[in-house]
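# Structure at a glance
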Amino acid sequence: MADPAARAAELRALLKEHNYLYHVLDAPEVSDIEFDELFRELQGLEATHPEVVVPDSPTRQVGGPVSDAFAPVTHRERMFSLDNVESLEDLEAWRTRLVRLLDREPNAYSCELKIDGLAISLTYEAGHLVRAATRGDGITGEDITANVRTIGNVPRVLRGDAPSVVEVRGEIYMPVSAFDELNERQAAEGKPPYVNPRNTAAGSVRQKDPAATAARRLSLWAYQIGFLEGGPELASHTEQMDWISELGLPVNPENRAVGTIDEVEAYVRNAEDHRHTHDYDTDGIVIKVDSLADQRDLGFTAKSPRWAVAYKLPPEEKTTTLLDIKINVGRTGAVTPYAVLEPVFVGGVTVTNTTLHNESDLHRRNVRPGDTVIVRRAGDVIPEIVGPVLSLRPKGLPQWHMPEECPFCGNPIVLPDGEAKAKCTGGYECPSRLREYLAHFAGRGAMDIEGLGYKTVDLLLSEGLVRDPADVFTLKPDDLLGREGWGEISVANLLGAIDEAKDRDVGRLLTGFGIDHVGGTVARVLARRFGSIDALSSATEDDITEIDGIGPEIAGSVVAWFNDDENARLVEKMRAAGVRMIDPIVEEAGGDLLEGVTVVITGSLDGYSRSEAKAAVEDRGGKVTGSVSGKTTALVAGASPGSKMTRAVDLGVPVLDEDAFIRLLEEGQDSLGG
């Protein structure tokens with residue numbers, strides 16, 4: 001056996017580096033499974049050889065170096081994402097939709113290289129940079145002003161006649177030359193290289209110390225005006241870019257305004273041919289309708305502008321060796337094969353594992369352990385195996401088949417009739433399934449039990465303290481006190497969080513159950529309609545499908561889950577442990593207060609996050625949509641409401657401030673008056 005102290009030191013170094021890559025640079029090089037395997041190996045070594053334990057071991061730290069130094073920023077106008085097109089045929093279809101909507105051809109198009117970086121918003125007031133924020137979820141981002149001020153080509157003060165307020169959107173990126181220099185320094189210092197410029201740039205602007213950001217030689221390309229007050233009247237996107245360039249903001253010289261879709265296609269082909277000739281990475285081309293008046297007429301879908309698309313460049317492909325095919329068992333018992341690959345750098349990341357979805361998909365792709373396979377990153381995001389290089393396949397290479405027994409619990413693996421996914425029949429006996437189930441049940445989207453993450457779940461399972469999610473609610477102090485890392489305070493905190501979770505609403509409990517096809521939104525709808533676990537468990541499929549938006553697949557899944565004897569026992573154990581089974585909205589007789597009410601929420605509210613406001617309406621039987629129409633009951637408008645306010649006024653839809661919104665929640669539709 002290798003020297004335990006040397007192996008422990010090696011594992012600590014690996015885990016610290018992976019923590020740093022994941023939490024600080026947003027650039028993981030290994031999967032969660034691989035990280036957990038390294039972590040458990042170190043835990044085992046430290047348990048067997050206490051002499052190798054050091055105070056700063058990753059096993060004694062919670063999580064990684066996550067930065068909480070950035071305050072939330074609500075964007076003046078939402079930062080939308082773009083719809084993608086992946087072929088010239090798709091691009092032509094987009095143009096056809098534009099012509100139909102405008103009843104004519106757009107006068108011009110703007111073509112820009114899509115920079116592979118981090119989208120940000122820069123706000124200048126009276127010419128001075130006052131705020132820089134990440135895109136975040138499009139509504140709320142992180143305040144990274146101090147770090148962005150260190151980027152050399154981001155002006156702190158605009159030139160010329162600056163407007164009273166202008167918000168400019170752009171992309172922060174790391175030049176390829178700067179990335180290469182950074183990795184040369186890493187190599188000289190004996191440190192592992194960074195994976196790609198994009199993730200390195202994203203991590204660099206989120207450093208706690210602005211000096212660390214300054215050392216990374218980041219740059220900016222500005223690509224759009226998000227908000228303008230007190231500026232000139234501009235008629236086109238091209239005019240906007242020319243104007244902000246005069247103010248001193250960097251605009252990519254490759255931008256072009258062209259008159260026809262044929263010229264757009266020529267720009268696309270040229271960009272593909274010269275993809276790797278720039279000192280920055282590109283992953284596509286952004287095409288916009290140039291006229292701002294046309295942009296306003298075309299408007300937005302729920303998530304994207306109709307007047308712009310991103311033409312995605314083909315993903316990069318590489319070959320590597322398929323070393324093995326293994327399986328995971330998820331929280332529902334579904335068995336998923338995955339490929340273990342000889343590490344390969346493709347599409348900007350090192351790929352070591354990739355899913356194979358199911359056995360029939362694997363056979364369709366005709367891949368076998370020992371094959372040389374083609375790997376690509378679909379959409380430059382998800383790594384996938386395209387297929388084998390058959391000319392390099394060794395003779396006699398056998399086809400892979402799903403094992404008959406689960407390697408984690410020894411129970412049979414079966415393929416239910418009509419389903420593509422095999423399932424482990426071990427139920428809660430399967431440690432792999434139970435581990436994933438417990439982590440899901442305790443997660444933020446479900447029962448939200450603070451402190452019950454994978455590390456604690458692994459401890460509870462390894463010590464035999466829980467055999468199903470209900471056992472979590474019967475844990476006692478003596479079960480944990482005295483174990484490594486568990487003192488009186490940490491035990492009290494965990495048990496306090498568990499006790500608090502007993503009173504979660506029924507929608508969260510349903511989400512935690514992990515019923516197929518029942519996520520958070522469907523769970524809230526079911527909880528609101530039936531009001532209690534008992535009422536839902538006795539409902540028929542017809543009862544459930546009477547709910548607007550609930551189809552037979554969801555209904556069948558819910559009925560099957562409650563008819564399962566093992567699940568029925570789980571529910572009764574939770575009831576006995578004191579877990580809430582009746583929704584508080586039902587107990588307060590307010591569950592149908594907003595039935596028939598459709599609300600649109602825009603801008604930022606002081607007392608509610610966007611998700612909290614949406615849940616408050618839905619919990620009272622109302623509906624929240626993303627756009628104002630004649631069917632909208634009311635628009636709830638917080639700060640910086642945007643174009644939805646104008647639309648509501650034009651249609652005569654009542655506009656509610658936050659106080660009026662609270663009255664609506666308390667009094668129902670009567671609060672709106674006549």
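Residues numbered from 1 in each chain as written. Predicted model: local features only at pLDDT ≥ 70, side-chain atom pairs only at ≥ 80, totals over all residues. Heavy atoms only, no water.

## Looking at the overall build of the chain
To keep things clear, this is the line we draw: A run of DSSP states H or I qualifies as a helix once it reaches four residues; a run of E qualifies as a strand once it reaches two. Both are numbered from the N-terminal end. A radius of gyration in this sense is built from C-alpha atoms; the matching globule rule multiplies 2.2 Å by the number of residues raised to 0.38. Buried residues are those whose accessible area, probed at 1.4 Å on protein chains only, stays under 20% of the maximum for their type, while exposed residues exceed 50% and partly exposed ones sit between those limits. Areas reported here follow the Shrake-Rupley algorithm with a probe of radius 1.4 Å; residue values treat only the protein chains shown as occluding. Under the counting rule used here, the positive set is Lys and Arg, the negative set is Asp and Glu, and His together with the chain ends is not counted. One atom stands in for each charge, and that atom is NZ of Lys, CZ of Arg, CG of Asp or CD of Glu.
In terms of helices and strands, the chain carries 25 helices and 22 strands. The C-alpha radius of gyration of the chain comes to 28 Å, within 12% of the 26 Å expected for a compact globule of 674 residues. Principal-axis analysis of the C-alpha atoms places the extent of the chain at approximately 70 × 70 × 50 Å. Across the 674 residues of the chain, 48% fall into the buried class. Only carbon and sulfur atoms are counted for the fraction: they give 49% of the accessible area of the chain, which is about 32000 Å². Side chains of the chain give 70 positive and 110 negative charges; the mean places of these two sets differ by 1 Å.

## A closer look at the sheet that holds strand β19 (residues 598–602)
Our working rule: Strands pair, by our definition, only if DSSP identifies at least two bridges between them.
Strand order in the open sheet formed by four strands is β20-β19-β21-β22, with parallel pairing between adjacent strands. Unpaired on one side and paired on the other, β20 (623–625) and β22 (655–656) mark the two borders of the sheet. Where strand β21 (residues 634–637) meets β22, two bridges bridge the pair, whose relative direction is parallel. In the strand pairing of β22, L635 is matched with V655.

## Thoughts on the side chain of R580
Quick reminder of the rule: Counted as a polar contact is a pair of N or O atoms within 3.5 Å, where, for protein atoms, one must be capable of donating a hydrogen and the other of accepting one, and residues adjacent in sequence contribute only when both atoms are in side chains.
As for its placement among the helices and strands, R580 is situated in the loop between α21 (565–576) and α22 (584–587). On the accessibility criterion, R580 (16% relative accessible area) is buried. Side-chain polar atoms of R580 contact the backbone oxygen of I582, separated by 2.9 Å.

## Focus: the state of the cysteines
Rules: Two cysteine sulfur atoms form a disulfide, by the criterion used here, when they sit within 2.5 Å.
Under the defined criterion, the tally for this structure stands at zero disulfides. Here C409 stays free of any disulfide, with the sulfur of C424 as its closest cysteine sulfur at 3.5 Å. Its relative accessible area of 23% is what places C409 among the partly exposed residues. The cysteine C430 is free of any disulfide, with C406 supplying the nearest cysteine sulfur at 3.8 Å. A residue is classified by how much of its surface remains accessible, and C430, at 0% relative accessible area, is buried.

## Considering the packing of aromatic side chains
Our working rule: Only Phe, Tyr and Trp rings are paired, with Trp represented by its six-membered ring, and only when their centres lie within 6.5 Å; those with planes under 30 degrees apart are stacked, over 60 edge-to-face, the remainder tilted.
Enumeration over the complete set of coordinates arrives at eleven aromatic pairs. Note on W221 and Y280: the rings are 6.0 Å apart at their centroids and 75 degrees apart in plane angle, and the pair reads as edge-to-face. Placement of W221 in strand β8 (residues 219–229) and of Y280 in the loop between α9 (261–273) and β10 (282–289) is noted, with a sequence separation of 59 residues between them. Y280 gets classed as buried once you look at its relative accessible area, which sits at 8%. Between F513 and F562, the ring centres sit 6.5 Å apart and the planes meet at 85 degrees, which makes this aromatic pair edge-to-face. Residue F513 is found in helix α16 (residues 506–513), and its partner F562 is found in helix α20 (residues 552–563); the two are separated by 49 residues along the sequence. Residue F513 is classed as buried on the basis of its relative accessible area, which comes to 2%. The buried category is assigned to F562, whose relative accessible area is 10%. Put simply, the rings of F80, F300 and W307 touch in pairs and so form one group of aromatic residues.

## Examining the environment of P407
Tracing the backbone through its elements, the reader meets P407 in the loop between β16 (382–388) and β17 (413–414). P407 sits in the exposed class, given a relative accessible area of 57%. Here the alpha-carbon distance between P407 and V329, two residues 78 residues apart in the chain, equals 9.5 Å.

## Considering the nonpolar core
The line we're drawing: For our purposes a nonpolar core is just a set of buried Ala, Val, Leu, Ile, Met, Phe, Trp, Tyr and Cys residues, chained together by side-chain atoms within 4.5 Å. In this description, contact between two residues means that some pair of their heavy atoms is separated by no more than 4.5 Å.
Ranked by internal contacts, the top residues of the largest apolar core, which has 56 residues, are L510, F513, L526, I544 and M574. Those elements that place two or more of their residues in this core are α12 (431–442), α13 (454–462), α15 (488–501), α16, α17 (520–530), α18 (533–537), α20 and α21. Beyond its immediate stretch of four places on either side in the chain, L510 contacts I515, A523, L526, A527, I533, L536 and F562. In terms of nonpolar packing, the next biggest core, distinct from the first, is built from 33 residues, L158, V166, I172 and I225 among them.

## Section: α12
Using the following cut-off: One less than the number of residues in a helix, times 1.5 Å, gives the span that helix is expected to have.
The terminal C-alpha atoms of α12, which comprises twelve residues, lie 16 Å apart, in line with the 16 Å expected from a rise of 1.5 Å per residue. Taken across its twelve residues, α12 has nine buried, putting it largely inside the fold. What α12 keeps buried is the set S432, R433, L434, R435, Y437, L438, A439, F441 and A442.

## Thoughts on unusual backbone geometry
The backbone of H357 sits at a positive phi, close to 70 degrees, despite the residue not being glycine. Along the chain, H357 falls in the loop between β14 (349–355) and α11 (359–365). Assessed through its relative accessible area of 36%, H357 is described here as partly exposed. At H517, a position not held by glycine, the phi torsion is positive, near 70 degrees. Its location among the elements puts H517 in the loop between α16 and α17.

## Points about the sheet that holds strand β9 (residues 256–258)
Basically, it comes down to this: Fitted lines through C-alpha atoms serve as axes, helices being fitted only where they are in contact, and the angles separating the N-to-C directions of these axes extend from 0 to 180 degrees.
The strand order across the open sheet formed by five strands is β2-β11-β10-β3-β9, and the pairing between neighbours is mixed. For this open sheet the edge positions go to β2 (83–85) and β9, each flanked by a neighbour on one side alone. Geometrically, the sheet is characterised by an average inter-axis angle of 30 degrees between neighbouring strands, direction not taken into account. Bridge count between strand β3 (residues 109–115) and β9: three bridges; the pairing is antiparallel. Paired with Y109 across the two strands is V258, which belongs to β9.

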